[in-house]
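Listed below are the residues making up each chain.
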Amino acid sequence: VFETMKEKKHVEWKIVFLAVFIALVLFPIVFVSQGSVVATGKGKFYLVSMGVGDPDLITLRALDTIAKSDVIICRKETRKQFAKYLKGKEFLDISKAGWRTYRKDCLKMEDEKSRAKCEQDRKTRGELIAEIRSAIDAGKTVAVLGSGDLLIYGGPYRWYLKEFADLQPRIIPGVSCFNAANAALGTDVASGKETRAVVLTTIREIEKLSQGHPTMVIFTMFTKFEDLVAKLQTLYPSETPIAIVFYAGYKEKERVVRGTLDTILGQVRGEKLPFEHLVYVGDFLE
Ligand SMILES: C[S@@+](CC[C@H](N)C(=O)[O-])C[C@H]1O[C@@H](n2cnc3c(N)ncnc32)[C@H](O)[C@@H]1O
């Protein structure tokens, strides 16, 4: 009897030791190495670049992140383009984001239509935020898919970083239209003669940045090309080279038009320029 009791005590001590070991050593190791994810039972939140242009400009890391994601937020075109990697995923409606009015004071909007849109955005965005949070709380991995470098004029993605800052979103880098257009031009964009600086900008800021004639890469959004050239002509010599890269990253559609500030308007006269065009100005193009 004495021997059996001794053995039992021994086993009890072993259990206590194991419990203390798990609590003090194993749990903190998992907690530290995995972030709060494992410890709190929460899922992870990713912003993933799918590259630009054709699907083959996606990265292996992006594909890997998609494979381990449960919930996807993306545009319809992305879902179609990458259908084979998105089979069996749960989708949330990206159109609910209404990112243009994020943290805007709707009540201060004077125009009635804009105010109504702002209120509507706030409502649908609230729903989307709740859906994302509930997926994360259920331990699911959520990925927002976007095109280009999500952190270059990434208006549609910026708000996720603010709203979900507590989740420490991880960003998967990707090919920007800037990278694809550089390749289409085939010249080192930082090899200018007057200056080697490269400014990524929009029409709104070219004036204050034009001193020293840096190479400018102009993200056009909905800028009228005539307005852009007219402005550039006041800031750069008229013989300065300019190039337009259309549909960078699309093997079939990509096209480059080169000229000078003097000639370029005539070269594209009558053309309706698509959203996907990037404008380069600078003597590196000579
Ligand atoms: C809001 S910015 C987004 C850029 C994106 N974050 C990136 O890194 O590619 C959109 C502008 O980028 C340029 N752009 C986007 N895709 C393009 C493409 N495939 N070819 C040329 N320019 C493109 C156009 O000037 C467009 O108006």
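Use the structure listed above.
The following refers to the structure shown. (Residues numbered from 1 in each chain as written. Predicted model: local features only at pLDDT ≥ 70, side-chain atom pairs only at ≥ 80, totals over all residues. Heavy atoms only, no water.)

### Re unusual backbone geometry
Thinking step 1. Even without glycine at this site, Arg103 takes up a positive phi of about 55 degrees.
Thinking step 2. With a phi angle near 50 degrees, His213 is a residue other than glycine that sits in the positive phi range.
Thinking step 3. For His213, the location among the structural elements is in the loop between helix H8 (206-209) and strand S7 (215-219). (Helix = DSSP H or I, 4+ residues; strand = E, 2+ residues; numbered from the N terminus.)

### Digging into the state of the cysteines
Thinking step 1. Summed over the entire model, instances satisfying the criterion amount to 1 disulfide.
Thinking step 2. Between the sulfur atoms of Cys106 and its disulfide mate Cys118 the distance is 2.0 Å. Across the S-S bond of Cys106 and Cys118 the torsion is about -70 degrees, and the bridge reads as left-handed. Note that Cys106 is positioned in the loop between strand S3 (90-93) and helix H5 (112-137) and Cys118 in helix H5, a separation of 12 residues in sequence. Assigned by exposure class, Cys106 and Cys118 land together as buried. (Disulfide = S-S within 2.5 Å. Buried < 20%, exposed > 50% of the residue type's maximum accessible area, 1.4 Å probe, protein only.)

### Side note on the site of the ligand
Thinking step 1. Close to the ligand lie 18 residues; Asp149, Ile152, Ser176, Met221 and His277 are nearest.
Thinking step 2. Between the ligand and the protein, one listed contact pairs a nitrogen atom with a backbone N or O atom of Asp149 at 2.8 Å.
Thinking step 3. Contact distances for the ligand include 2.8 Å between an oxygen atom and a backbone N or O atom of Met221.
Thinking step 4. When the residues that make up the shell around the ligand are grouped by side-chain class, the tally is 12 nonpolar, 4 polar and 2 charged. (Near = heavy atom within 4 Å. Polar contact = N/O pair within 3.5 Å; in protein donor to acceptor, adjacent residues only side chain to side chain. Nonpolar A, V, L, I, M, F, W, Y, C, P; charged D, E, K, R; others polar.)

### With respect to the sheet that holds strand S2 (residues 71-74)
Thinking step 1. The parallel open sheet is built from 5 strands, whose spatial order is S3-S2-S4-S1-S5. If you trace the sheet from one side to the other, it starts and ends with S3 and strand S5 (170-172), each paired once. Each strand of the sheet is rotated relative to its neighbour by a mean of 25 degrees, with strand direction disregarded.
Thinking step 2. One ladder, built from 3 bridges, connects strand S1 (residues 45-49) with S5; its direction is parallel. Of the residues in S5, the one forming a bridge with Leu47 is Ile171.
Thinking step 3. In this fold helix H3 (residues 60-67) packs onto S1, strand S4 (142-146) and S5, with an angle of close to 140 degrees to the strand it touches most, S1. (Pairing = 2+ DSSP bridges. Axes fitted to C-alpha atoms, helices over the stretch in contact; angles between N-to-C directions. Contact = heavy atoms within 4.5 Å.)

### Overview of the packing of aromatic side chains
Thinking step 1. In total, this model carries 9 aromatic pairs according to the counting rule given.
Thinking step 2. Ring geometry for Tyr153 against Phe219: centres 5.1 Å apart, planes inclined by 50 degrees, an arrangement best described as tilted. Of this pair, Tyr153 sits in the loop between S4 and helix H6 (155-163) while Phe219 sits in strand S7; the two residues are 66 residues apart in sequence, bridging distant segments of the chain.
Thinking step 3. Judged by relative accessible area, Tyr153 falls into the partly exposed class, the value being 36%.
Thinking step 4. Taking relative accessible area as the criterion, Phe219 reaches 7% and is therefore assigned buried.
Thinking step 5. An aromatic cluster is present here, built from Phe45, Tyr102, Trp159, Tyr160 and Phe164 joined pairwise through their rings. (Phe/Tyr/Trp six-rings, centres within 6.5 Å; stacked < 30°, edge-to-face > 60°.)

### Some thoughts on a nonpolar patch on the surface
Thinking step 1. A cluster of nonpolar residues, Tyr153, Leu200, Met221, Phe222 and Phe275, forms a patch on the protein surface that exposes about 510 Å² of accessible area.
Thinking step 2. Here Phe222 lies in the loop between S7 and helix H9 (225-233). (Patch = residues over 30% accessible without salt bridge, like charges linked within 9 Å, V, L, I, M, F, W, Y side chains within 5 Å. Areas by Shrake-Rupley, 256 points an atom, 1.4 Å probe, with all protein chains shown as cover. Salt bridge = Lys/Arg side-chain N within 4 Å of Asp/Glu carboxyl O.)

### Section: the nonpolar core
Thinking step 1. Core analysis: the largest hydrophobic core is formed by 21 residues, its most contacted members being Ile206, Ile218, Phe225, Leu228, Leu232, Ile242 and Val279.
Thinking step 2. Among the secondary structure elements, those contributing two or more residues to this core are S7, H9, strand S8 (241-246) and strand S10 (277-281).
Thinking step 3. Take this core: its biggest share by element is 4 residues, from H9.
Thinking step 4. Residues within four places of Leu232 in sequence aside, it is in contact with Ile206, Ile218, Ile242, Leu261 and Val281.
Thinking step 5. If you look at the next biggest cluster of nonpolar residues, it comprises 20 residues, including Leu47, Leu128, Ala135 and Phe164. (Core = buried A, V, L, I, M, F, W, Y, C linked by side-chain atoms within 4.5 Å.)

By themselves, these are just geometric observations and shouldn't be taken as functional.
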